[in-house]
Amino acid sequence: RPLGTFLSVVKVRPNDKDAKLKYQECHKIVKQKAFERAIASDEHKRSVVDSLDIESMTIEDEYSGPKLDGGKVTLAFMKELMQWYKEQKKLHRKCAYQTEKVTVCGDTHGQYYDLLNIFELNGLPSESNPYIFNGDFVDRGSFSVEVILTLFGFKLLYPDHFHLLRGNHETDNMNQIYGFEGEVKAKYTAQMFALFSEVFEWLPLAQCINGKVLIMHGGLFSEDGVTLDDIRKIERNRQPPDSGPMCDLLWSDPQPQNGRSVSKRGVSCQFGPDVTKSFLERNRLDYIIRSHEVKPEGYEVAHDGKCVTVFSAPNYCDQMGNKGSYIHLRGSDLRPDFHQFTAVVRTPPNLCPANSLW
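Residues numbered from 1 in each chain as written. Predicted model: local features only at pLDDT ≥ 70, side-chain atom pairs only at ≥ 80, totals over all residues. Heavy atoms only, no water.

An unreviewed UniProt entry lists the chain under the name Serine/threonine-protein phosphatase, with Buteo japonicus given as the organism. Under Cofactor (unreviewed entry), UniProt gives the following word-for-word description of the chain: "Mn(2+)". According to UniProt, the comment filed for the chain under the heading Sequence similarities (unreviewed entry) is "Belongs to the PPP phosphatase family." (UniProt positions renumbered as here; feature names shortened; annotations may be inferred.)

K.L.:
Would you mind going over the packing of aromatic side chains with me for this structure?
P.N.:
Remark: the centre distance and the inter-plane angle together describe each pair of aromatic rings, the angle taken between the planes. Counted by the stated rule, this structure contains 20 aromatic pairs. Centre to centre, the rings of Y113 and F143 are 5.4 Å apart; their planes meet at 90°, and the pair counts as edge-to-face. Taken together, the residues Y113 in helix α5 (residues 112–122) and F143 in the loop between β2 (131–133) and α6 (144–157) connect sequence positions 30 residues apart. Look at Y131 and F162: their rings are 6.3 Å apart centre to centre, the planes differ by 50°, and that puts the pair in the tilted class. Here F162 lies in strand β3 (residues 162–164) and Y131 lies in strand β2, a separation of 31 residues in the sequence. For F162, a relative accessible area of 0% translates into the label buried. Members of the aromatic cluster, connected to one another through ring pairs, are F119, Y131, F133, F154 and F162. (Phe/Tyr/Trp six-rings, centres within 6.5 Å; stacked < 30°, edge-to-face > 60°. Helix = DSSP H or I, 4+ residues; strand = E, 2+ residues; numbered from the N terminus. Buried < 20%, exposed > 50% of the residue type's maximum accessible area, 1.4 Å probe, protein only.)

K.L.:
Any chance you could explain the confidence of the model for the chain here in plain terms?
P.N.:
For the chain, the mean per-residue pLDDT works out to 86, and 82% of the residues sit at or above 70. The model gives residues 39–45 a pLDDT under 50, and that stretch makes 0 contacts with residues more than four places away or in other chains. (pLDDT = per-residue confidence, 0-100. Contact = heavy atoms within 4.5 Å.)

K.L.:
Where do I start with the packing of α6 against helix α9 (residues 190–200) in this structure?
P.N.:
Angle between the axes and distance between the axes: these two values describe a pair of packed helices. Remark: α6 packs on α9, axes separated minimally by 13 Å, with the N-to-C direction vectors making an angle of 50°. In terms of orientation, α6 and α9 fall into the oblique class. The element α6 and its partner α9 pack so that their crossing is left-handed. For the pair α6 and α9, contact is made by I148, L149 and F152 and by F196, V199 and F200, respectively. (Axes fitted to C-alpha atoms, helices over the stretch in contact; angles between N-to-C directions. Parallel < 35°, antiparallel > 145°, perpendicular 65-115°, else oblique. Left-handed = near helix turned anticlockwise from the far one by under 90°.)

Below, the structure is given as structure tokens:
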């Protein structure tokens, strides 16, 4: 141990300048190495949150104290908790450990009764129950007006805890073809549709969660090298162009093979696992969540777990027979937790052709 050796020499020969200088240099190096080890330890240290299995914790029958309502902290819970503590009693460990989550939903496509079912299953949006809806709120289904006005209402009620991202169906040309424009004009006026069109142009194109997960409706890009700063700089207040980053965020799809290929939709591209890996590494992200495609199970995990699709319109167009799903993100690693649900029987049914890719 050089530091100990130099220290011994300095003690024996306190006037030896060379020994004192070497001791100081060695001491400085040892402190620097200790600092670097501390940093490395902090960077790779697993959070305690990752070791918790809250769902498996059970609350015993004899426990009579405050309990979280659906995992959410409410005013009633806090009042009961304060009284419980006043009586010097202990909160159950499941309630003490329980952490907030964010719920990510995919396409809803005017299926209003299925949207209500999501809220029934997962709880209404609130400051303690935040949501992200990942585009394609309208078109296809018979109740697009009801869906979008409900979502806008919650956005106004909880602007910091309820988020709406733009999909390829929040655009004029898709609304003209797939029903939303006609529905709005039938239920309201042409002026109302023009206002919806204007609002859609202001919707964000993507959202980054804790610097780890990027959410967009479509997918990744036709060219390499795109950064999060590039996404932030996109002029989104317009109808999307036929190519480029804005178009890709709304329209692209993953493919199983490496590289890129021409999209089956005729716009944007299909991107492979290598494209996803490169984008994530460049931007120091863990994975992406996208929607845009109906999936039999309501979700799909691709590209070695780095590309997740979530679709929240079950039995799409009353013909596809698919499940819907939504995702919970919680914990330090934001590992996706999938929740599936089936379609609600409704009258009248959704009226839309199911054989199109759009």
